Amino acid sequence: MQLMIVDDEIHWVDNLAMNKPWDTLGIELVHRAYSAREALELIETHPIDIVISDILMPEMNGIELIGKIRERDRKIKCIMLSGHSDFEYAKQAIRHNAVDYLLKPPSDTDLLAAVGSAISQLNAEWEMVSSLERTNYALRENLPLLRGQLLLDALDGQRMPAEEWERKLHNYGLPFTVGPSALLLVRMEEEFGRYRNNGQPLIEYAIINMAEEVMGEFLEVWGVKEEHGYLAFLLQFKEEAPAGREGLLEKLSIQLQSKVKQFLKGSLSIVMTDSFEFPEELPDAFRRATAYFRQIVGDEREFVMRLSEPAGPQEQGALRSLYLPPSLENLLEAGRWDEAREKLQAVFDELDSSWSESWEHCMEAGFLIASSYTNLAHRGGHTLESLLGSEIEPLQRGEVFASIARLRRWSLEALRLLKEGTSSEVKDSRSLYVRKVQAFADKNLHLDVSLRALADHVNLHPTHLSKIYKIETGEGISDYVANLRMERACYKLKSTDKKVYEIGLEIGYMDPAYFIKVFKRHFGMTPQDYRDSGK
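Residues numbered from 1 in each chain as written. Predicted model: local features only at pLDDT ≥ 70, side-chain atom pairs only at ≥ 80, totals over all residues. Heavy atoms only, no water.

### Looking at the overall build of the chain
Stage number 1. The secondary structure content of the chain amounts to 24 helices and 11 strands.
Stage number 2. Overall, the C-alpha framework of the chain stretches about 100 × 60 × 45 Å when taken along its three principal axes.
Stage number 3. The buried share among the 535 residues of the chain stands at 43%.
Stage number 4. For the chain, the share of sequence-separated contacts (at least 6 apart) that also reach a separation of at least 24 residues comes to 66%.
Stage number 5. Counting only carbon and sulfur atoms, one obtains 51% of the accessible surface of the chain, whose full area is about 28,400 Å². (Helix = DSSP H or I, 4+ residues; strand = E, 2+ residues; numbered from the N terminus. Buried < 20%, exposed > 50% of the residue type's maximum accessible area, 1.4 Å probe, protein only. Contact = heavy atoms within 4.5 Å. Areas by Shrake-Rupley, 256 points an atom, 1.4 Å probe, with all protein chains shown as cover.)

In structure tokens, the structure reads:
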């Protein structure tokens, strides 16, 4: 839990923050804000749970502060303090859902009890959000999508331990087990084209339901539409299924064709696989089935075919690790350099173990790696040559495709150079944002230069801007603005005859008393004393 104390009386804030046993309540961090504006900036950059705020403050009072907090995060709990027992203040605090309203100075017992009540409310709310009943409800509502995505992930070859598969199958209410399975790949033929722009998902949903109805007596059926437009069905025989299961699957597939033609007025072409082990052999079975469809030439359609294993050892095939998600291009674009390196290592390990004599597979990997690198460079407004330097020459001469060893060396070195070039670009981008923020603050101190206003100026989220500013400069944005205001105040006090309140207005302090208080806190003397001192 994180707590923030807000008051324009500095000694009061420091005393509450430092001399109360907050840790006994589970408070891990106590923030201090000496104005409502500082409080709002802290809320933008820290996950604050509870706010203790005075009501009477310059520029913005505590009631107004609660309203601003509610606009940003309705879960934050607020406790109000006031030196006046004004019932109107209490009513407004209650209207803004304040946890408590305490008169200053509150006793430790009352203060800690109010914070304890706020913590109890937070815990109760988050327990409700994370409760098993709510989770199960959300799961039921989204079950079809979750089931479909799980099967798509399995078709793509995403790996999970067997126990993780069993847990997800159970949680999603899928009566499947890790073990023998078959795959049915269904192509909807041209008659269904009339639904392409209107009603296609409903037709696909209807076909999946009809498959479950036709085959459900003897088979568990789990269907989804995959990215190439096929309907894919994972099948497992139930215990009560009769003998001759291969013939039964073919018979049920023909029945499905017939029912779809009868009721949906369209034809299906179906490829079924032999038995394989789910989930580890599913991606291979899926790839063979889609390849089988591609091999059928001419106008052949409305067929039911069984995909048999090729005779003898397989001499051709695609690089599996190269195409498993996430893709190399996506990893590079996200800046996940370590994972990109691991993916390359997996590709080269597969080349060494399975395709060590195949120049074509080495070339296939090389072309994809080179195109991914080039795409990254172009997205950043560069050429690949400008980022790789002399390492572009082996690629231009085609030498990197000559052997797996050469491709490995070049790919990993090029990845290192891309990371360095991109990291430098990120640093340059951070520096640009810092310069923009500082220039805007310098020209607009008399206006709103809060973190949110600065973030809006550079089109970044406040939290993100705060982080990159801290990384680049070593200080927070609010510290920079505060120091800039004080420097500007000192300059104007020495170089002009303007009144103190006028200088305060020009650097963003609407309340002269608050300006004097902040100046004294910073320099140990009032603005007038500073002017008179001749420093």
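Further notes follow.
### Remarks on the confidence of the model for the chain
Stage number 1. Summing up the model confidence of the chain, the mean pLDDT is 88 and the portion of residues at 70 or higher is 93%.
Stage number 2. Counted against residues more than four places away or in other chains, residues 310-315, with its pLDDT under 50, gives one contact. (pLDDT = per-residue confidence, 0-100.)

### Description of the packing of aromatic side chains
Stage number 1. Tallied over the full model, the rule gives 15 aromatic pairs.
Stage number 2. Seen in terms of ring centroids, Tyr509 and Phe515 are 5.5 Å apart; in terms of plane orientation they differ by 25 degrees. Their pairing is stacked. For the residue pair Tyr509 and Phe515, the accessibility class agrees, reading buried in each case.
Stage number 3. Grouped by ring-pair contacts, the aromatic residues Tyr509, Tyr514, Phe515, Phe519, Phe523 and Tyr530 constitute a single cluster.
Stage number 4. In this structure, Lys494 is placed above the aromatic ring of Tyr530, and the distance from its NZ or CZ to the ring centre is 4.9 Å. (Phe/Tyr/Trp six-rings, centres within 6.5 Å; stacked < 30°, edge-to-face > 60°. Lys NZ or Arg CZ within 6 Å of the ring centre and 35° of its normal.)

### A few points about the side chain of Ser450
Stage number 1. Summarising the element assignment, Ser450 is placed in the loop between helix 18 (404-443) and helix 19 (451-458).
Stage number 2. Here Ser450 falls in the buried class, since its relative accessible area comes to 14%.
Stage number 3. Within the local environment of Ser450, its side chain forms a polar contact with the side chain of Asp448, the two groups lying 3.0 Å apart. (Polar contact = N/O pair within 3.5 Å; in protein donor to acceptor, adjacent residues only side chain to side chain.)

### Brief notes about the sheet that holds strand 2 (residues 29-33)
Stage number 1. If you trace the five strands from one edge of the open sheet to the other, you get 2-1-3-4-5, paired in parallel fashion. The sheet is open, and its two edges are formed by strand 2 and strand 5 (100-103), each paired on a single side. Across the sheet, the axes of successive neighbouring strands diverge by a mean angle of 20 degrees, strand direction being ignored.
Stage number 2. Together, strand 1 (2-6), strand 2 and strand 4 (77-82) form the strand contacts of helix 1 (residues 10-18), whose direction differs from that of strand 2 by roughly 180 degrees. (Pairing = 2+ DSSP bridges. Axes fitted to C-alpha atoms, helices over the stretch in contact; angles between N-to-C directions.)

### Side note on a nonpolar patch on the surface
Stage number 1. Taken together, the side chains of Tyr501, Leu505 and Met510 make up a nonpolar region of the molecular surface, amounting to roughly 290 Å² of accessible area.
Stage number 2. Looking at the secondary structure, you find Tyr501 in helix 22 (residues 500-506).
Stage number 3. Of the residues examined, Tyr501 reaches a relative accessible area of 40% and is grouped as partly exposed. (Patch = residues over 30% accessible without salt bridge, like charges linked within 9 Å, V, L, I, M, F, W, Y side chains within 5 Å. Salt bridge = Lys/Arg side-chain N within 4 Å of Asp/Glu carboxyl O.)

### A word on the environment of Trp355
Stage number 1. Within the secondary structure, Trp355 sits in the loop between helix 14 (337-354) and helix 15 (359-379).
Stage number 2. Judged by its relative accessible area of 14%, Trp355 falls in the buried class.
Stage number 3. Separated by 168 residues in sequence, Trp355 and Arg187 place their C-alpha atoms 32 Å apart.

### Examining the environment of Arg167
Stage number 1. Along the polypeptide, Arg167 turns up in helix 8 (residues 162-171).
Stage number 2. The class for Arg167 is partly exposed, based on a relative accessible area of 41%.
Stage number 3. Spatially, the C-alpha atom of Arg167 lies 69 Å from that of Val500, the residues being 333 residues apart in sequence.
Stage number 4. Within the local environment of Arg167, its side chain forms a polar contact with the side chain of Glu164, the two groups lying 2.7 Å apart.

### Regarding the pattern of salt bridges
Stage number 1. Per the stated rule, a full pass over the model turns up 30 salt bridges.
Stage number 2. As a salt-bridge pair, Glu125 and Lys77 come within 2.6 Å of each other at their nearest N and O atoms. One end of the pair, Glu125, is in helix 5 (residues 108-129); the other, Lys77, is in strand 4, with 48 residues separating them in the sequence.
Stage number 3. Glu125 gets classed as partly exposed once you look at its relative accessible area, which sits at 28%.
Stage number 4. For Glu506, the salt bridge goes to Lys492, with nearest N and O atoms at 3.0 Å. Of this pair, Glu506 sits in helix 22 while Lys492 sits in helix 21 (residues 477-495); the two residues are 14 residues apart in sequence, bridging distant segments of the chain.
Stage number 5. Residue Lys492 is classed as buried on the basis of its relative accessible area of 16%.

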